[in-house]
Structure formats: C-alpha cells, structure tokens
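Chains, contacts and geometry: an overview
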Amino acid sequence: MSCFDLVSVPRRSLLLPPCLDTGLWVMRASSSSVLRRQQSLISSLGIGGYGRGRRRVEVKQVRSMSGSAANVYAANVLRAITPSLDPSKYKGQAGKIAVVGGCREYTGAPYFAAISALKIGADLSHVFCTKDASPVIKSYSPELIVHPILEESYSVRDEDKGHVSSKMLTEVGKWMERFDCLVVGPGLGRDPFLLDCISEILKLARQSNIPIVVDGDGLFLVTNCLDLVRGYPLAILTPNINEYKRLVQQVLNCEVSDEDAHQQLQMLARQIGGVTIMRKGKSDLISDGEIVKSVSLYGSPRRCGGQGDILSGSVAVFTSWARRCSLSVENNSAISQTSPTVLGCVAGSVLLRKAAGVAFESKRRSTLTTDIIEVLGRSLEELCPAC
Ligand SMILES: NC(=O)C1=CN([C@@H]2O[C@H](COP(=O)(O)OP(=O)(O)OC[C@H]3O[C@@H](n4cnc5c(N)ncnc54)[C@H](OP(=O)(O)O)[C@@H]3O)[C@@H](O)[C@H]2O)[C@@H](O)CC1
Ligand SMILES: Nc1ncnc2c1ncn2[C@@H]1O[C@H](COP(=O)(O)OP(=O)(O)OP(=O)(O)O)[C@@H](O)[C@H]1O
Ligand SMILES: [Mg+2]
C-alpha cells in the first residue's frame, strides 16, 4: 500500500501518490477539478522563493518538479492527519503534549515548543522545567501548565540527590500516562545531575509507550547514551547541523556527507534501531531507517534561534494525530504503512516552513520566532481549512 493512500481521507482526497523520484503524478479522477485542487494546494504552499529582487515564482506545471511534488505530498500528509473539528469531541482528544526543558539560561525554547503545540491545535500543553525557569515560563503565557520539578546540581546537595531524583520521577510519573507525546530537550541545559534525571524520564516514557521527540540538549544526552532510544520506534530525533554532526560521528564513526545525505541518514536511523530522525537544514530529511522523505518548501531566509523549538512542538502534535489516525479502525484501510513518526515530522516541517515564509513576508529582516508562532494558525488554515 502506498503512503499516499493515507491521504485519501474523503473530505480531503486529491491525488494519487507522486513518484517522488520522477516527479510524475497520477490522477485518481481524471477531471480538471482535480487539477484545480492541485493548483490551489500549491498556491496555499506558496511554493517559490525570495531571491534578491524577486517575488514568489508562480508554479505553472506540477509534472516536472520533483521538489514541489514532495512539498505537495507533505501538505497532503498534513491535511490527512489533521483531525476535523468535531463538536462531539471533548478536551484532551486533540492532544496533550508535555515539554521537558527549561533551565536558568533558557526559558524561551520550552515556551516556543509548548505554545506552538497549542497554537496548532493540541488541547493541553505542559512544561516540566527547573524551579528557576518556572515563574519565567508561566509569565510568558497563562495557557501553559508549568511544573517546577527539575533541579540542577547547584541547588542540590550531593547527599540529597537520590531523594530529589526519585521525587522528581514520581511527580512526572503521575502525569506520564496522560500525555500523547513528550518533547525532551528544548532549553534543558547540560547539567549532569539534571541530565541523569532526564534519562529516567526517558525510560519511563518508553515503558509507557509514549512517543518522544528528542531535541536540543536532549540530543546531547541521547548521543552520549544511545541506549536510551535505541530500538524504540516511537523516538524522534530532530538534530540541527551541530547535533547531527555529533550523532553521525558517534554512531557511524565518520563525517557528515552531503552527497550521500539520504543513504547516510537512513543508515544512521537503522543503526539506532529504527528511530525516526529529521535532519534539519536547507531541506529537512526524514528517515526511520526504511524510507527517506524530504521537505524543502522554501520557508524563510531568516535563521533566528527558536525555529527548531517550534518544529519540535509541532512534530509532537502531528505525530500524536498521525498515531490516532492509524489506530482508528474506521480509517485503517486507507492508511499507509508509513510510520506516524515520519508523518508527524513531514507535517511539522511543512507547517513550520510555511509559517516562516508567511512571517517573513511581513517582517522581513526583523522576523523573530514569536512572529512565526503568531502565524502558525493562519498558515495551518491555509494548508488545511478548519471547516
Ligand atoms: N530562546 C531560547 O531560549 C533558545 C534556546 N535554545 C536552546 O539552546 C540550547 C543549545 O542549543 P543550540 O541550538 O544553540 O545548540 P547547538 O547548535 O548544538 O550549539 C551551538 C554551539 O554552542 C555550544 N553549546 C551549546 N550548548 C552548550 C552548553 N550548554 N555548554 C557548552 N557549549 C554549548 C555547542 O558546542 P558543542 O555542542 O559542539 O560542544 C555549539 O558549538 C538548547 O537547549 C536549545 O534548545 C535554542 O533552542 C534557541 C532558542
Ligand atoms: N538553510 C535553510 N533554509 C531553509 N530552512 C532552513 C535552513 N536551515 C534550517 N532551516 C529550517 O529551520 C527549522 C529549524 O532548523 P534549525 O537548524 O534552525 O534548528 P535549530 O538550530 O535546532 O533551531 P533552534 O534555534 O530552535 O534550536 C527547520 O525546519 C529547518 O528546516
Ligand atoms: Mg535546536
């Protein structure tokens, strides 16, 4: 069964799978309305670029553009896994996300991840952070549920560490089963005691079969202790350029290759036992060791810090939606074999890039992460209208 079968949810069905290698499309219904829908999807993506002195390039032909085909595929995945707004649903059904991160130095990163999850459509978003970071994060937004339970070495005496660690684990444990996805690492810092505690949280999440997006300092931890995620199919690693380099050196014992980027990523994911990895960059490359997908929608030329944090929160929401989709008996026949973690990465990436592009259109050089968060809803609406 092809991955694109997943996007044949009736309300949103448009196309059969693009052959991403050739960029060719096969029409399910040979009607001009399909073409029109295709064009409208492309225009909602805003495919084009912002070269010097150049506005968006209008796309006239789908057939010859394998990059664009991949982007349309990504938008279709997003549309397929995004749940409809059904009045019979109750709070929590659209997702409960928890971000584990936030310390003295970094309070922005966990906030960006957690608020993005809400803006995209999750019902509840929690943050587990250090005691110092908590009042700051709470003051950014009343929407977030903030748990000041983590401690760094400087605030704990050596003899108290065992007790503090088990108390923290008990606290997190009380909530764990309720979460649909965990994001571990944005703004966590690298305090050794804190990272030891995080290892225990990772083990607990794994026992509870909860998807885990590992980002930022969570990747620093996991790269040095791969067994924490090895062989766990619900683990998603989202490395940036530095984090990917460390991962490749540690696991494959070689340098990052841009020529064999797809093969290297696939090999890396396999070597860690089939975790999903999204290598962030000019194109986001995603692999679970079986398949490799790429999202290269143009986005924005601004590289302000925090965009990866938005992405981690988004991937968490879309992964939990994709899982729900594949668990649903009703949809089973139409759902592809593609793992929900890969689908979640694809959807998160296309949305972030679209929103970054929208924000850049108005803010230009002054575009910041908060500007991108502000247009997440509008961007999602353009890709997947609520009604
Ligand atoms: N507004 C906010 O709150 C934001 C907070 N953010 C948060 O920042 C954290 C780091 O993420 P990042 O993306 O800067 O890490 P990255 O590119 O690997 O490193 C760049 C260089 O710095 C160095 N280095 C990093 N940490 C170090 C440490 N503790 N101690 C010493 N060196 C350290 C690193 O060195 P290396 O790892 O190679 O030793 C590399 O040379 C992470 O928690 C992220 O979520 C971001 O999300 C942005 C918005
Ligand atoms: N050269 C680029 N062109 C287009 N998009 C890019 C480029 N580099 C990164 N991105 C996109 O920006 C998003 C964040 O990636 P980035 O590498 O900045 O993550 P990060 O360093 O972890 O961010 P953060 O500052 O939040 O930690 C990803 O979706 C990525 O694809
Ligand atoms: Mg990052």
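The structure contained in this document is the topic of the report that follows. (Residues numbered from 1 in each chain as written. Chains lettered and ligands numbered in written order. Predicted model: local features only at pLDDT ≥ 70, side-chain atom pairs only at ≥ 80, totals over all residues. Heavy atoms only, no water.)

**Notes on the overall build of the chain**
On a plain count of helices and strands, the chain comes out with 13 helices and nine strands. Looking at the 387 residues of the chain, the share that counts as buried comes to 55%. (Helix = DSSP H or I, 4+ residues; strand = E, 2+ residues; numbered from the N terminus. Buried < 20%, exposed > 50% of the residue type's maximum accessible area, 1.4 Å probe, protein only.)

**Points about the packing of aromatic side chains**
To describe a pair of aromatic rings, you give the distance between the ring centres and the angle between the ring planes. Inspection of the entire model under this criterion finds four aromatic pairs. Aromatic pair Phe128 and Phe179: ring centres 5.9 Å apart, planes at 80 degrees, arrangement edge-to-face. Pair noted here: Phe128 is in strand β2 (residues 124-130) and Phe179 is in the loop between α5 (161-176) and β4 (181-184), with a separation of 51 residues, a long-range link. Connected via pairs of aromatic rings, a cluster forms that spans Tyr111, Phe112 and Tyr140. (Phe/Tyr/Trp six-rings, centres within 6.5 Å; stacked < 30°, edge-to-face > 60°.)

**Looking at the site of ligand 1**
Ligand 1 sits among 16 residues. The nearest are Gly187, Arg190, Asp217, Arg246 and Asp309. Within the backbone of Gly187, one N or O atom sits 2.9 Å away from an oxygen atom of ligand 1. One nitrogen or oxygen atom from the side chain of Asn242 is found 2.9 Å from an oxygen atom belonging to ligand 1. Computed on the free molecule, ligand 1 has an accessible area of 870 Å², of which 57% lies beneath the protein chains in the complex. Of the residues belonging to the shell around ligand 1, the class tally is five nonpolar, six polar and five charged. (Near = heavy atom within 4 Å. Polar contact = N/O pair within 3.5 Å; in protein donor to acceptor, adjacent residues only side chain to side chain. Areas by Shrake-Rupley, 256 points an atom, 1.4 Å probe, with all protein chains shown as cover. Nonpolar A, V, L, I, M, F, W, Y, C, P; charged D, E, K, R; others polar.)

**A few points about the site of ligand 2**
Within the structure, ligand 2 sits among 14 residues, and Lys280, Asp284, Gly306, Gly308 and Arg353 are positioned closest to it. Between ligand 2 and Lys280, the relevant distance is 2.7 Å, taken from an oxygen atom to a side-chain nitrogen or oxygen of the residue. At 3.0 Å, a backbone N or O of Gly281 approaches an oxygen atom of ligand 2. When the free accessible area of ligand 2 is taken as 620 Å², the share hidden by the protein chains comes to 78%. Of all the cavities here, the one that holds ligand 2 is the largest pocket. Of all the secondary-structure elements, those providing two or more residues to the shell around ligand 2 are α10 (307-327) and α11 (340-363). By residue number, the principal contributor to the shell around ligand 2 is α10, which donates four residues. Considered class by class, the residues forming the shell around ligand 2 number two nonpolar, six polar and six charged. (1 Å grid on protein atoms, 1.4 Å probe; cavity = no way out; pocket = protein on both sides within 12 Å on 5 of 7 lines; lining within 4 Å. Sits in = over half its atoms within 2 Å of the grid points.)

**Quick notes on unusual backbone geometry**
For Asn253, which is not glycine, the phi dihedral falls at a positive 60 degrees. Mapped onto the secondary structure, Asn253 falls in the loop between α8 (241-252) and α9 (261-271). By relative accessible area, Asn253 is classed as exposed at 69%.

**Remarks on the pairing of strand β7 (residues 276-279)**
In regular strands, side chains alternate between the two faces of the sheet. A two-sided burial pattern is seen for β7, the buried positions comprising Thr276 and Met278 on one face and Ile277 and Arg279 on the other. Bridge count for strand β6 (residues 235-237) against β7 is two bridges, and the pairing is parallel. The partner of Ile236 across the bridge, within β7, is Thr276. Taken together, β7 and the strand that follows it, strand β8 (residues 284-287), pair antiparallel across an intervening segment of four residues. (Pairing = 2+ DSSP bridges.)

**A look at the sheet that holds β4**
Spatially, nine strands are ordered β3-β2-β1-β4-β5-β6-β7-β8-β9 in an open sheet, and the strand pairing comes out mixed. For this open sheet the edge positions go to β3 (145-150) and β9 (292-295), each flanked by a neighbour on one side alone. On average, each strand axis in the sheet is inclined to that of its neighbour by 20 degrees, with strand direction left out of account. Here β4 pairs with strand β5 (residues 212-214) via three bridges, running parallel. Considered in β5, the bridge of Val183 is made with Val213. The strands touched by helix α4 (residues 133-140) are β2 and β3; relative to β2, the strand with the most contacts, the crossing angle is about 150 degrees. Contacting β2, β3 and β4, α5 runs over the sheet at an angle of about 150 degrees to β3. (Axes fitted to C-alpha atoms, helices over the stretch in contact; angles between N-to-C directions. Contact = heavy atoms within 4.5 Å.)

**What about helix α3 (residues 108-120)?**
Taking 1.5 Å per residue, 13 residues should reach 18 Å; α3 reaches 18 Å between its end C-alpha atoms and fits that length. Where burial is concerned, most of α3 is hidden: eleven out of the 13 residues are buried. Taken together, the buried positions of α3 are occupied by Ala109, Pro110, Tyr111, Phe112, Ala113, Ala114, Ile115, Ser116, Ala117, Leu118 and Ile120. In the segment just after α3, Gly121 is the residue with positive phi, at about 140 degrees. (Expected span 1.5 Å × (residues − 1).)

**Re the nonpolar core**
Membership of the largest hydrophobic core comes to 61 residues, with the highest contact counts inside it found for Leu78, Ile97, Ile120, Leu144, Phe318, Val346 and Leu351. Discounting chain neighbours no more than four positions away, the residues touching Leu78 are Phe318, Ala347, Val350, Leu351, Leu380, Leu383 and Cys384. Of all hydrophobic cores here, the second largest spans 48 residues; its members include Val172, Met176, Phe179 and Ile277. (Core = buried A, V, L, I, M, F, W, Y, C linked by side-chain atoms within 4.5 Å.)

**Remarks on the pairing of β8**
Burial along β8 is two-sided: the face carrying Asp284 and Ile286 and the face carrying Leu285 and Ser287 are both buried. Hairpin connection between β8 and β9: a loop of four residues separates the two successive antiparallel strands, and Gly289 in this loop has a positive phi of roughly 95 degrees.

**Looking at the pattern of salt bridges**
With the rule as written, the count across this model stands at 15 salt bridges. Measuring nitrogen to oxygen at the nearest pair gives 3.1 Å for the salt bridge that ties Arg353 to Asp284. Taken together, the residues span a long stretch of sequence, with Arg353 in helix α11 and Asp284 in strand β8 at a distance of 69 residues. For the pair Arg353 and Asp284, a shared accessibility class is recorded, and that class is buried. Three or more residues are tied together by salt bridges with common partners; here these are Arg157, Glu159 and Asp160. (Salt bridge = Lys/Arg side-chain N within 4 Å of Asp/Glu carboxyl O.)

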